[in-house]
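Take a look at the letters that make up each chain.
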Amino acid sequence: MSIRAYGAHASDQPLVALDITRRATGPDDVRIDIAYCGVCHSDLHQVRAEWGGTLFPCVPGHEIVGKVAQVGSAVTGFKPGDLVGVGCIVDSCRQCAECADGLENYCDGMVGTYNGGTSDAPGHTLGGYAQAIVVDQRYVLRIRHPEADLAAVAPLLCAGITTWSPLRHWQVGPGRKVGVVGIGGLGHMGIKLAHALGAHVVAFTTSEGKREEARKLGADEVVVSRNEEEMAAQRNSLDFILNTVAAPHDLDAYLSLLRRDGTMALVGAPATPHPSPQVFNLIMKRRRLAGSLIGGIRETQEMLDFCAEHGITADIEMIRAEQINDAYERMLSGDVRYRFVIDNASLAD
Ligand code: NAP
Ligand code: ZN
Ligand code: ZN
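Everything in this summary refers to the structure shown in the same document. (Residues numbered from 1 in each chain as written. Chains lettered and ligands numbered in written order. Predicted model: local features only at pLDDT ≥ 70, side-chain atom pairs only at ≥ 80, totals over all residues. Heavy atoms only, no water.)

1. Considering the coordination of the zinc ion (ligand 2)
This is how it is decided: Water is not among the atoms examined, so metal sites may look incomplete; donors are the N, O and S atoms within 2.8 Å of the metal, or within 3.2 Å for Na, K and Ca. Runs of H or I in DSSP of at least four residues are treated as helices and runs of E of at least two as strands, each being numbered from the N terminus. Only protein chains enter the accessibility calculation, which uses a 1.4 Å probe; a residue whose area is less than 20% of its type maximum is buried, one above 50% is exposed, and one in between is partly exposed.
Coordination of the zinc ion (ligand 2) by the protein is provided by Cys40 (SG), His62 (NE2) and Cys158 (SG), with metal-donor distances spanning 2.0 to 2.3 Å. Mapping the donors of the zinc ion (ligand 2) onto the primary sequence gives the spacing C-x21-H-x95-C. One end of the pair, His62, is in the loop between α1 (41-47) and β4 (64-71); the other, Cys158, is in the loop between α3 (150-153) and α4 (159-169), with 96 residues separating them in the sequence. For the residue pair His62 and Cys158, the accessibility class agrees, reading buried in each case.

Right under this line is the structure:
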């Protein structure tokens, strides 16, 4: 059955309306009518082939929420009408140590929600800028927020889990001072989640205009990183830094803010490398530079449940599908507070 989607035919082409097909609902499958899909900076990197390896046509979107339309005969956890989500992962090998640990995000056989390997047409996965999707029940998440919050829940499926996973892994909580660098889709969720986990949160932004807003998101302190005095005041003080910046920049400026044994985790994935940091900035205080990739299915469900319990959603601006090309330009210039979300009902018009 043909459905309407939005995607690009080539890396230098704008996104346009497309007709795509989804596989028939198999025994373990859940067919989901997509209500909303968040717009991640990774969508832009991927559809413009900034990371290389993009397969076309490319239909991005991995912050998917909607309602179950149909379930296969072996599906036990979901029924038609349930509110559900799909994040960045739609399959994995199910056999390796990472899969056994619930960390399918680190499985070599992980299948991304778009641009991943599949025998479904057209030979690679197509994402959430579409009316519907069919996903194995193991990779479908339950949403316990009120239905009225559904659009603002969508960004939790990538921006939420990508910040939650490192915050939990590096044990962010009461008594810990945590920096969040870059206040975009990921960064604004990082501030909300670190605050809700009880940490003292310092937001770092290049945008003077976000100074007051970051406090409302839950930051205890805000540093405009272009201000050298404000940066110097944070030296040797942070236990952990979550760096979400989508462009190459000077990592030393942030490494020097870590206290002894502190860690900076990179989640931003710029198209070109950061300048290499100074070795002395690491060895003098036994600092660590790390990375983190989205999160596993189990911890994504934990994050969604934590957010439902604490009333946490993303700050969003809703758009129609045909506004996506403008939305990308606005995201690049930092002109979004803080996540665009597509109203997938607009695909029907
Ligand atoms: P976004 O909404 O565009 O936010 C990025 C933020 O970085 C901007 O709002 C801006 O914040 C800051 N920034 C951008 N350009 C900058 C520059 N030249 N110098 C300094 N700061 C700059 O993007 P996003 O959706 O949050 O994604 C952020 C990055 O994470 C992307 O590279 C994306 O691909 C990646 N990502 C990685 C994972 C993972 O699993 N590791 C998952 C999802 C996304 P200020 O205005 O506050 O400075
Ligand atoms: Zn993403
Ligand atoms: Zn695996």
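2. Some remarks on the coordination of the zinc ion (ligand 3)
Stated precisely, the cut-off is as follows: By the criteria applied here, four donors are tetrahedral when all angles lie between 85 and 135 degrees, four are square planar and six octahedral when opposite donors are over 155 degrees apart and every other angle lies between 65 and 115, and any other arrangement is irregular.
Coordination of the zinc ion (ligand 3) by the protein is provided by Cys93 (SG), Cys96 (SG), Cys99 (SG) and Cys107 (SG), with metal-donor distances spanning 2.3 to 2.4 Å. Coordination geometry of the zinc ion (ligand 3): the four donor atoms subtend angles of 104 to 117° at the metal centre, consistent with an arrangement described as tetrahedral. Since its relative accessible area comes to 32%, Cys93 is described here as partly exposed. Note on Cys107: relative accessible area 6%, which makes it buried.

3. Notes on the sheet that holds strand β14 (residues 258-266)
Worth spelling out the cut-off: Two strands form a pair only when DSSP identifies at least two bridges running between them. Every angle, taken between N-to-C directions, lies between 0 and 180 degrees, and every axis is a line fitted to C-alpha atoms, over only the stretch in contact when it is a helix.
Strand order in the open sheet formed by six strands is β12-β11-β10-β13-β14-β15, and the pairing between neighbours is parallel. With partners counted over all chains shown, the strands left at the sheet margins are β12 (221-224) and β15 (288-291), one partner each. Taken over all neighbouring pairs, the strand axes of this sheet differ in orientation by 20° on average, direction set aside. As paired elements, strand β11 (residues 200-205) and β12 share four bridges and run parallel to each other. Following the sheet pairing, Val202 is matched in β12 by Glu221.

4. Notes on the pairing of strand β8 (residues 132-136)
Counted residue by residue, β8 has five buried out of five residues, so it is predominantly covered. Neither face of β8 is left uncovered, since the one carrying Ala132, Val134 and Asp136 and the one carrying Ile133 and Val135 both have all their residues buried. As judged from the five bridges shared by strand β3 (residues 29-38) and β8, these two strands associate in the antiparallel manner. Considered in β8, the bridge of Asp29 is made with Asp136.

5. Some words on α4
Applicable threshold: Contacts between residues were defined by any pair of non-hydrogen atoms, one from each residue, lying within 4.5 Å.
Burial within α4 is extensive, with nine of its eleven residues counted as buried. By the burial criterion, the buried members of α4 are Ala159, Gly160, Ile161, Thr162, Thr163, Trp164, Ser165, Pro166 and Leu167. Looking at the buried residues of α4, the elements they touch are β10 (177-181), α5 (185-196), β13 (238-243), α10 (297-310) and β17 (339-343). Count one or two residues on from α4 and you reach Gln171, which has phi positive near 55°.

6. Thoughts on the environment of Thr125
This is how the line gets drawn: Between N or O atoms, a polar contact is any pair within 3.5 Å; within protein, one atom must be a potential hydrogen donor and the other a potential acceptor, and residues adjacent in sequence are included only when both atoms are from side chains.
Its place among the elements puts Thr125 in the loop between β7 (111-112) and β8. On the basis of relative accessible area, Thr125 is assigned to the buried category, the value being 11%. Taking the C-alpha atoms as reference, Thr125 lies 29 Å from Pro248; in sequence the two are 123 residues apart. Here Thr125 is in contact with Val90, Val111, Gly112, Thr113, Tyr114, Asn115, Gly116, Gly117 and Thr118, once residues within four sequence places are set aside. Among the polar contacts made by the side chain of Thr125, one reaches the main-chain carbonyl oxygen of Thr113 at a distance of 3.4 Å. At 2.7 Å, the side chain of Thr125 and the backbone nitrogen of Gly116 are in polar contact.

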